[in-house]
Protein chains: 2
Amino acid sequence: MANKPSIPKGMRDFSQQETAERNYIFDTIKSVFRTFGYAQIETPSMENLSTLLGKYGDEGDKLLFRVLNSGDPFTGTDFESFRGEDGAFNAPLLSKHLCDKGLRYDLTVPFARYVVQHQNEISFPFKRFQIQPVWRADRPQKGRYREFYQCDVDVIGSRSQLNELELVQIVDKVFALLDVRVALKINNRKVLTGLAEICGAPDKVVDITVAIDKLDKVGLDAVKEEMSGKGLSDSAVAVVEQILALSGTVQEKIAAMRALFGGASASGISSQTGLAGLDELEELFTLIDAAGVAVSTDLDLSLARGLNYYTCAIFEVKALDWQIGSICGGGRYDNLTGIFGLPDMSGVGISFGADRIYDVLKGLDKFPAGLRSTTTLLFANMGEAEVRYVLPVAAALRAEGVAVEIYPESSKLKKQFDYADRKSIPFLSITGADEAAAGTVQIKNLATGEQKIFDKTDIAGIKALLQL
Amino acid sequence: MANKPSIPKGMRDFSQQETAERNYIFDTIKSVFRTFGYAQIETPSMENLSTLLGKYGDEGDKLLFRVLNSGDPFTGTDFESFRGEDGAFNAPLLSKHLCDKGLRYDLTVPFARYVVQHQNEISFPFKRFQIQPVWRADRPQKGRYREFYQCDVDVIGSRSQLNELELVQIVDKVFALLDVRVALKINNRKVLTGLAEICGAPDKVVDITVAIDKLDKVGLDAVKEEMSGKGLSDSAVAVVEQILALSGTVQEKIAAMRALFGGASASGISSQTGLAGLDELEELFTLIDAAGVAVSTDLDLSLARGLNYYTCAIFEVKALDWQIGSICGGGRYDNLTGIFGLPDMSGVGISFGADRIYDVLKGLDKFPAGLRSTTTLLFANMGEAEVRYVLPVAAALRAEGVAVEIYPESSKLKKQFDYADRKSIPFLSITGADEAAAGTVQIKNLATGEQKIFDKTDIAGIKALLQL
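Report follows, based on the coordinates. As the structure is a computational prediction, the values presented were derived from the model and not from experiment. (Residues numbered from 1 in each chain as written. Chains lettered and ligands numbered in written order. Predicted model: local features only at pLDDT ≥ 70, side-chain atom pairs only at ≥ 80, totals over all residues. Heavy atoms only, no water.)

## Digging into helix α5 (residues 108-117) of chain A
Going by this rule: Here's how the labels work: a residue is buried when its accessible area is under 20% of the maximum for its type, exposed when over 50%, partly exposed in between, all with a 1.4 Å probe on protein chains only. Strands are runs of DSSP state E lasting at least 2 residues, helices are runs of H or I lasting at least 4, and numbering of each runs from the N terminus. Should any heavy atoms of two residues lie within 4.5 Å, those residues are counted as being in contact.
Counting buried residues along α5(A), ten of its ten residues qualify, which places the element largely inside the surrounding structure. The complete set of buried residues in α5(A) reads A:T108, A:V109, A:P110, A:F111, A:A112, A:R113, A:Y114, A:V115, A:V116 and A:Q117. The secondary structure elements touched by the buried residues of α5(A) are β2 (46-48), α2 (49-52), β5 (126-135) and β6 (147-156) of chain A together with α1 (16-35) of chain B.

## A look at unusual backbone geometry
The peptide bond linking A:F124 to A:P125 adopts the cis configuration, its omega dihedral lying at -5°. Topologically, A:P125 is positioned in the loop between α5 and β5. Of note, the phi angle at A:D179 is positive, near 65°, even though the residue is not glycine. Relative to the helices and strands, A:D179 is located in the loop between α6 (161-178) and β7 (182-188). Its identity is not glycine, yet B:D344 carries a phi of approximately 60°, on the positive side. As for its placement among the helices and strands, B:D344 is situated in the loop between β10 (326-333) and β11 (347-353).

## Description of the nonpolar core
For clarity, the cut-off: Nine residue types can take part in a nonpolar core, namely buried Ala, Val, Leu, Ile, Met, Phe, Trp, Tyr and Cys, and a core is a set of them joined through side-chain atoms within 4.5 Å.
Counting residues in hydrophobic clusters, the biggest one holds 270 residues, and the most contacted among them are A:F175, A:F352, B:F175 and B:F352. Aside from chain neighbours lying at most four places away, what touches B:F175 is B:V180, B:V182, B:V317, B:I327, B:C328, B:F352 and B:I357. Counting residues in each nonpolar core, the second largest holds 14 residues, with A:W135, B:M11, B:F65 and B:A137 among its members.

## Regarding the packing of α6(A) against helix α13 (residues 272-291) of chain A
Residue and element names in this part refer to chain A. In plain terms, the rule: Only the stretch in contact is used when a helix axis is fitted, and all axes are lines through C-alpha atoms; the angle between N-to-C directions ranges over 0 to 180 degrees. Just so you know how the angles are binned, under 35 degrees is roughly parallel, over 145 roughly antiparallel, 65 to 115 roughly perpendicular, and the rest oblique. Each crossing gets its handedness from the near helix: less than a right angle anticlockwise from the far helix is left-handed, clockwise is right-handed. Residues are grouped as follows: nonpolar covers Ala, Val, Leu, Ile, Met, Phe, Trp, Tyr, Cys and Pro; charged covers Asp, Glu, Lys and Arg; every other residue, Gly included, is treated as polar.
At a minimum axis distance of 9 Å, the contact between α6 and α13 shows a crossing angle of 50°. Classified by the interaxial angle, the pair formed by α6 and α13 is oblique. Where α6 crosses over α13, the two elements pack in a sense that is right-handed. Contacts between α6 and α13 involve Q161, L162, E164, L165, V168 and Q169 from the first element and E280, E283, L284, L287, I288 and A291 from the second. The residue makeup of the contact of α6 with α13, split by class, is seven nonpolar, two polar and three charged.

## Focus: the packing of helix α7 (residues 189-198) of chain A against helix α8 (residues 205-213) of chain A
Residues and elements named next belong to chain A. Contact geometry of α7 with α8 gives a least axis separation of 9 Å together with a crossing angle of 110°. Comparing the axis directions of α7 and α8 gives the class roughly perpendicular. Considering how the two elements wind past one another, α7 and α8 form a crossing that is right-handed. Residues R189, L192, T193, L195 and A196 of α7 lie in contact with α8, whose contacting residues are V205, I208, T209 and I212.

## Regarding the environment of B:F79
With respect to the helices and strands, the residue B:F79 is situated in the loop between β3 (66-67) and α4 (91-98). A C-alpha to C-alpha distance of 67 Å links B:F79 and B:Q467, two positions 388 residues apart in sequence.

## Observations regarding the relation of the copies chain A and chain B
Threshold: A residue counts toward the fit only if its pLDDT is at least 70 in both copies, and the copies are then superposed by least squares on the C-alpha atoms of those residues.
Between chain A and chain B, which share one sequence, the superposing operator has a rotation angle of 180° and an axial displacement of 0.0 Å; the RMSD is 0.1 Å. Seen this way, the second copy is the image of the first under a two-fold rotation axis. Distance from the rotation axis, computed per C-alpha, reaches its smallest value in chain A at A:V67: 2.3 Å. Comparing contact sets, 100% of the residues at the interface of chain A also lie at the interface in chain B, consistent with an isologous, same-surface contact.

## Section: helix α18 (residues 459-466) of chain B
Residue and element names in this part refer to chain B. Rules: The arc in question is the one spanned by the directions pointing from the helix axis to the C-beta atoms.
Residues of α18 that are buried include every one of I459, G461, I462, L465 and L466, and no others. Looking straight down α18, one finds its buried side chains confined to an arc of 165°; they lie on one side. Looking at the packing, one finds that the buried side of α18 touches β12 (377-379), α15 (384-399), β14 (427-429), β15 (440-445) and β16 (451-455).

## Digging into the pattern of salt bridges
Note the threshold: Here, a salt bridge means any side-chain nitrogen of Lys or Arg that lies within 4 Å of a carboxyl oxygen of Asp or Glu.
Tallied over the entire structure, the rule returns 54 salt bridges over all chains. The partner of A:E405 in a salt bridge is B:K127, with the nearest N and O atoms 3.3 Å apart. Of this pair, A:E405 sits in strand β13 (residues 404-406) while B:K127 sits in strand β5 (residues 126-135), each in a different chain. Owing to a relative accessible area of 5%, B:K127 belongs among the buried residues under this scheme. Salt bridges sharing partners connect three or more residues here, namely A:K127, A:E166, B:R398, B:E405 and B:K423.

## Details of the interface of chain A and chain B
In many reports, interface size means the accessible area that the parts give up when they come together. Our working rule: What gets called buried area is simply the loss in accessible area from a 1.4 Å probe that two parts show on being joined, summed for both. Polar contacts here mean pairs of N or O atoms no more than 3.5 Å apart (in protein, one a potential hydrogen donor and the other a potential acceptor; neighbouring residues in sequence count only if both atoms are side-chain atoms).
With 103 residues of chain A in contact, the opposing surface of chain B contributes 104 residues. Buried surface at the junction of chain A and chain B, both sides included, amounts to about 8,600 Å², of which 58% is carbon and sulfur. Summed over the shared surface of chain A and chain B, the result is 38 residue pairs in polar contact (both at pLDDT 80 or more). Of the residues in the side of chain A that touches chain B, the class split is 49 nonpolar, 31 polar and 23 charged.

## A word on the sheet that holds β12(B)
Paired through backbone hydrogen bonds, the strands of a sheet run either parallel or antiparallel to each other. Residues and elements named next belong to chain B. The line we're drawing: Being paired, for any two strands, means DSSP has found at least two bridges between them.
If you trace the five strands from one edge of the open sheet to the other, you get β13-β12-β14-β15-β16, paired in mixed fashion. Two strands in the sheet have a free side with no partner beyond their single neighbour: β13 (404-406) and β16. Neighbour-to-neighbour, the strand axes of this sheet turn through a mean angle of 25°, independent of strand direction. Sitting on the sheet, α18 touches β12, β14, β15 and β16, and the angle it makes with β16 is about 155°.

## Let's talk about the sheet that holds β13(A)
Residues and elements named next belong to chain A. Here we have five strands laid out as an open sheet, ordered β13-β12-β14-β15-β16, and mixed in their pairing. Looking at the sheet topology across the chains shown, the edges are occupied by β13 and β16 (451-455). The mean inter-strand angle of the sheet, taken between neighbouring strand axes irrespective of direction, is 25°. Inspection of the sheet shows strand β12 (residues 377-379) paired to β13 by three bridges, in the parallel sense. When the sheet's bridge partners are listed, F379 is paired in β13 with I406. Running at roughly 165° to β13, helix α15 (residues 384-399) makes contact with β12, β13 and β15 (440-445) of the sheet.

## A closer look at the packing of aromatic side chains
Note the following rule: Only centres within 6.5 Å qualify two rings of Phe, Tyr or Trp (six-membered ring in Trp) as a pair; their planes then separate them into stacked at under 30 degrees, edge-to-face at over 60, and tilted for everything else.
Going through the model one piece at a time under the given rule, you end up with 25 aromatic pairs over all chains. Seen in terms of ring centroids, A:Y358 and A:F367 are 5.3 Å apart; in terms of plane orientation they differ by 50°. Their pairing is tilted. Each member of the pair, A:Y358 together with A:F367, is buried. Judged by centre distance (6.3 Å) and plane angle (10°), the ring pair of B:Y114 and B:F126 falls under stacked. Residue B:Y114 is located in helix α5 (residues 108-117), and its partner B:F126 is located in strand β5; the two are separated by twelve residues in the primary sequence. By the burial criterion, B:Y114 is buried, and B:F126 matches it.

## Points about the pairing of β16(B)
Residue and element names in this part refer to chain B. Direction of pairing for β15 relative to β16: antiparallel, over a ladder of five bridges. Its bridge partner lying in β16, V441 is registered against F454. Two successive antiparallel strands, β15 and β16, enclose a turn made up of five residues, where G449 displays a positive phi of approximately 80°.

Right, dumping it as C-alpha cells:
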C-alpha cells in the first residue's frame, strides 16, 4: 500500500495526550454526577432504525448513519421498483430496505427507548447518566465532527423542581472543578407559549421564538423585521419588544412578566400558561438561592433552544472567557417516553458537550499539568544481569501503584535519556553492576539533577522520593 | 407505537448495576496498564473499508458492519451491472460501491493504521492501551455479541523479551486484583514452524497446528487422524506425537525440544527456526523467574492461537475455576504495520476479553459488594421548608465527595423508604421541622436502625458516620 492510511472525514484519532485530557473532562463530570446519586448506563451503538427515524425531524433522518444489513441484503431486491415518479431512486425508501439499523444520533432517544423497554426493572424516579459517542453525517467543519461524545444526565419520573435545581448545582460544580467561568441561562417553554398567546398569535410560538433566539446575534431591529416577515402584526411585535426590553433582577423580570401575562400588555390578552411558567421559574430561582450556588444564573426570556422538545425549564451554559457557543444545555420534556408508548413520564436533563468543553479548556490553558506524564520512574537498561536485578524493585513499586518502566533494550544511555525526556518521565534510575553488587538502587530527579541511593528493599523510601 | 421497543439482536443495554460491574473490570485493567507506563489512545468507530478489508480473511470481511454512504449513495448506480455470471448480485462489490466505511472489527488493525499514520508524532517504543467496543456481524449466541469491548495493550518498536515479560506481569496483576485464578500458557510460533520442519512438512504448519490446537478438546487419536487426513506421513505424525507427549518442567520440555530440533527426532531433520524459538522461550521463562510472578505459567507446545498473525511469542489465559475458553490472549507480530507501508515494526500485545471476564466474575461471585450502591445518604423530603433547610447540608456533603440525594417529592415516608431500599442506600435522614428549629440533622443507619443527631454544620461528623 503506497498511500499513507487515513480515517474517514469528520472522525478523529485521539493521542495519548488528548485521551488523558478528554478523560480528565469525563472523570470530572462523572464524579459530580455521582455525588448527586446519578448512576451510569450504556446503550448499544446501533439502534433499530424504527427507533431513530422521525425523532429528529426530516433533516435529522438524513443525518443518520445507516448500517447495511449483514449477510446479503441485495438478493431478491428489485431496485427498479424503488424509483420515484421522477425516475430517480427514492433514497429514504431504498436505504430503509437495505438497512434495519442506524448509529445512535443522540443519547436522549436511546434513553427514552431504554426506560420504556426496561420500565419493570427500573425504580422511579430514575437518575441516570450516560457518556457515549454519537454519530451524525453532518458536513464536517471546525469544531463539528461526525463522531463526538455526549455526557447526558437525566432524571425521569418526577415533576419536582428540585430536579431542575440539582442540574443547576451540577453545572455549578462541574465548571467550578474545571475552573471555567460560565453563565447559566434559564427560561421556561411555558413562558414562550404565553408570549405567543399575549401577542395574539398562539400558533406562531415557533416563529416568535426562532426570531427572538437570534437577538444576541442580529440585534432587535432584525428580530422585529423577521417577526413581521412571518406575518406577526405590529401590535404583536410591540408586545415582544416590550418583553425583550425587560431588565433588572430575576425577581423584577418575573414580576414584570406576571403583570404582562395578567393582561397588562399592549394586547390586553392574558395567559394562564405563561403564568404557570413564571410560577415554575420563581420556585426554581428560590431553590437556587436557598441552595447557594456560585455560578452566575439568569432568566433569559429569549432562550429557546430545543423548542420542539422541551415543555418546561430550558437551560443553556456558555463560557464567559472563551467564545464557542453553548457548551451545555437541556431542559424538561413532559412526555419523553410517549413516542415509545409510555405516556406521562416527565423527565429533565442536561447534556455536556465534551468536545466544546475540551476546546474551552485548551483555549484557556486550563488542563492540569500532571495529565501528560504517565510514567514516574524509568529504569535504564544497563544489560541483562542489571535488568534482572531491578525487576523485583520495579515490581514492588508497581504493587504500590507507582507507574514504572524498564527500558526494553540495552541501548546507549543517550537514547534512553531521550526516551525519558520525550515522555516527560521525571525520574530515571541508572542502576548498574556497582549498585547491584552493593544491593542498592540509584535514582535521579531529571528536573533538578539530584541523585539519591536507596537500599533495594527500601520501597517506602523510593516511593516517598517519587511523590515529591 | 404499540410494540415495546427493542434493540438489534446481538446488542445489549447495560443497566446501572452492570455498568458499575463492567467499569470495575475496565478500571482494574487500566490501573495495571498504567503502572507499566502504557497510556490510552482512542481511534474512531468507523474506519475506511480499505483499511479493514482483507485483514481478517474472507470470513472476517463478511463479518464487517458496513456503513451506508451518507447523502444519496444510489443515484447513478447501475445495479444490473453488479450482477455476476450466475445472475445474482455480487454482494461484496455492490457493498463496496455503496459503503466506503465500516465499523471497527478489532483494535489491532486500527492500532497498526494509527501507528503508520502518526509515526512522526510517536516516540518508539510506543506503549499504548485501548479500550473500545468492536463490532462483528457474527451469529449471536450465548456469550457472543455483535458489539463487545476489547481491552488491548501493546508495545511496538522493540524486539526485547522484556516486553513479553511485562505482558505476563500485567496478566498476573490484573487477575490477582480481580481475584480470579488463571493459568497462562505460552508458546512460540517459531517452535510451531520448527515442528512442521522436523516433520518434513514445512508447508503444512497450518494443518499441523490447527490439528494439535484441538488436543484438549478431542484427544490425541482424533488429532492424529486429522493430521493423516491432511496428508501428513506416518513418520510426521509420529514426530508430533513425540512432542505432544513431552512433560516435566518448562526447562525439561525446552531441553527435550532442543534435542529434537537438533536432529534427534524420528525424522532426523533439524530446525534452526525451532531452536531460535526455544531460545526466546528460555529467555522469557528466565525473566519470569527473575521477576517473580504469582500466576501459573506453563509452556504449551500445542498452543497455536492467531496463527496467521503471530510470529514469535503466543499467549493464552484461561480461568481455572470457571469454564469459558480463553479470557485473554496475544502474542508478537513481527511486521504489524507492514500492511500499511511501514515495514520492520515488531510489536507484542495482549487483549483482555471484558465480556468473558465479566461472566467469570459473575459466575464466581467475585464482584466487590460496594459496587452497587451509588448513593450514601438520602434526605427524605419532609416538605418545602424542610428541603430548603437541608439543601446547604447536602451541598456541603457533596463538596466532600459524598453521594447525597434529596427525595424530589414530598411523598409518603413509606414510598421514600422504599426508594432508599431499592437503591440500597445505606443512610436516611428524616430531618423535619423540629430538627430545622434546633439547627440539627438526624441520620439513620438503615442496616442497624441506629439514629444519630448532628449539628447542621458538623459536616465532618456526618461524613465520619457515613464512612463507617
